[in-house]
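Letter by letter, the chains look like this.
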Amino acid sequence: MSFERIELQKLLMLKSASETKRISTLRSILRNDRRKSLGLNASGGGNFYTPFWSAAKSHSLGEADLLSQISESISRVENRKRLYPLLANGYLTWWNTNRRWTNAPFQKGPGLRGSYAFPGTNLQIRMSDILSVRDAADGDHFVYPYFYETPRLSADVARLALWVARQTFPQSQAKDFRLLDVVRGTTYSLDRHPLNGEEEEELRSFLSGLYDLYNLLAPEYA
């Protein structure tokens, strides 16, 4: 089931969301799983955010201008018109103003992706499509995006993401990891948001409740 191989940012959204939003999201997952089981295409037509993030990556490497790319993207798909500019403004605020690595051009860094099998569950928490850049001093920077406009990402929920990254990647990579709340241009990292030792239990408690809700809804889509 797709719920059992869930992308980290969707899990963060569910952790931050109201119960109504959690139910609607789980229903959407169940509907798509049902369609796939019947040999049909999943609803939604792919990941809404993929073209934006591809453009942001190109911008970070100096290969293309982000605003020009999203303008072209919006001209092709009307429903990107409202959110893509918000994502671009947040990303550029972070990239142009808040980053303090170097003014020199960036190179493409080593690929980074992985998944974490949460102990005692069937859940695989996936981390994919990470922006990886290498600065002029050969320092690597890994940026994982949180795209959702709502719910807003809190520092406490971001800390759970940093814990998952610490479990998923070696220490040498985890310390260079940043979680980027794209719309707000805000980043979270282990050096500025240290772990408190309660992350595993907090996430376990949340996942237990989420599993219960998922299993309660599942028979409607059997």
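What comes next is a walk through the structure.

With respect to the pattern of salt bridges
Right, on to step 1. The final tally for this structure, using the stated rule, is 13 salt bridges.
Right, on to step 2. Between Lys57 and Asp129 there is a salt bridge, with the nearest N and O atoms lying 2.5 Å from each other. With Lys57 in helix H3 (residues 50-60) and Asp129 in the loop between strand E4 (124-127) and strand E5 (131-134), this pair connects stretches of sequence that are 72 residues apart.
Right, on to step 3. Assessed through its relative accessible area of 36%, Asp129 is described here as partly exposed.
Right, on to step 4. Between Glu199 and Arg159 there is a salt bridge; the shortest N-O distance is 2.9 Å. Of this pair, Glu199 sits in helix H8 (residues 199-217) while Arg159 sits in helix H6 (residues 155-168), and the two are 40 residues apart along the sequence.
Right, on to step 5. Owing to a relative accessible area of 1%, Glu199 belongs among the buried residues under this scheme.
Right, on to step 6. A relative accessible area of 9% means that Arg159 is categorised as buried.

A short note on empty space enclosed by the protein
Gaps left between atoms show up when a probe the size of a water molecule is rolled over them.
Right, on to step 1. Under the defined criterion, the tally for this structure stands at 1 cavity of 30 Å³ or more.
Right, on to step 2. There is about 50 Å³ of room inside the largest cavity.
Right, on to step 3. Forming the walls of the largest cavity are Leu8, Leu11, Leu12, Lys15, Val157, Leu160, Ala161, Val164, Leu203 and Phe206.
Right, on to step 4. Elements represented by at least two residues in the lining of the largest cavity include exactly helix H1 (8-16), H6 and H8.
Right, on to step 5. A per-class count over the lining of the largest cavity returns 9 nonpolar, no polar and 1 charged.

As for the pairing of E5
Right, on to step 1. Alignment of strand E2 (residues 107-108) against E5, held across 2 bridges, turns out to be antiparallel. Within the sheet, the bridge partner assigned to Gln107 lies in E5 and is Arg134.
Right, on to step 2. Bridge count for E5 against strand E6 (residues 140-146) is 4 bridges, and the pairing is antiparallel. Looking across to E6, one finds that Val133 is bridged to His141.
Right, on to step 3. The turn linking E5 back onto E6 is made up of 5 residues, and Asp138 within it adopts a positive phi angle of 65°.

Structural notes on the packing of H1 against H6
Right, on to step 1. Where H1 meets H6, the closest approach of the two axes is 10 Å, and the angle between their N-to-C directions is 150°. What the angle tells us is that H1 and H6 run roughly antiparallel. Seen along the crossing, H1 lies across H6 with a hand that is right-handed. Counted together, Leu8, Leu12, Lys15 and Ser16 of H1 and Val157, Leu160, Ala161 and Val164 of H6 form the full contact between these two elements.

What about the packing of H6 against H8?
Right, on to step 1. Where H6 contacts H8, the two axes come as close as 10 Å, and the packing angle between them is 110°. The orientation of H6 relative to H8 falls into the category roughly perpendicular. In contact with Arg159, Leu160, Trp163 and Val164 of H6, H8 contributes Glu199, Glu200, Glu202 and Leu203.
Right, on to step 2. Residue classes in the contact of H6 with H8 are distributed as 4 nonpolar, no polar and 4 charged.

Analysis parameters
- In this numbering scheme, every chain counts its residues from 1 along its sequence in written order.
- Per-residue local features of the predicted model are confined to residues with pLDDT of at least 70, and side-chain atom pairs are confined, for both listing and counting, to 80 or more; whole-chain, interface and lining totals are unaffected and use all residues.
- Working from all heavy atoms in the structure, the side-chain values ignore hydrogens and water.
- We define a salt bridge as a contact between a side-chain nitrogen of Lys or Arg and a carboxyl oxygen of Asp or Glu at a distance within 4 Å.
- By definition, any uninterrupted DSSP run of H or I lasting at least four residues is a helix, any uninterrupted run of E lasting at least two residues is a strand, and each is numbered from the N terminus.
- Relative accessible area decides the class of each residue, using a 1.4 Å probe on protein chains only: under 20% of the type maximum gives buried, over 50% gives exposed, and in between gives partly exposed.
- Cavities and pockets were defined on a 1 Å grid built from protein atoms only: a cavity is a group of points that admits a 1.4 Å probe but offers it no way out, a pocket is an open group of points flanked by protein on both sides within 12 Å along at least five of seven lines, and a lining residue is one with an atom within 4 Å of any such point.
- Grid points are joined across faces, edges and corners, and a volume is the space filled by probe spheres set on the points.
- Any residue outside Ala, Val, Leu, Ile, Met, Phe, Trp, Tyr, Cys, Pro, Asp, Glu, Lys and Arg is labelled polar, Gly included; the first ten of those are nonpolar and the last four are charged.
- Two strands make a pair as long as DSSP finds a minimum of two bridges between them.
- Between N-to-C directions, angles span 0 to 180 degrees; the directions come from axes that are lines fitted to C-alpha atoms, helices contributing only their stretch in contact.
- Just so you know how the angles are binned, under 35 degrees is roughly parallel, over 145 roughly antiparallel, 65 to 115 roughly perpendicular, and the rest oblique.
- Each crossing gets its hand from how the near helix is turned against the far one by less than a right angle, where anticlockwise is left-handed and clockwise is right-handed.
- Residues are treated as being in contact if the distance between any of their heavy atoms lies within 4.5 Å.

By themselves, these figures tell us nothing about what the structure is for.
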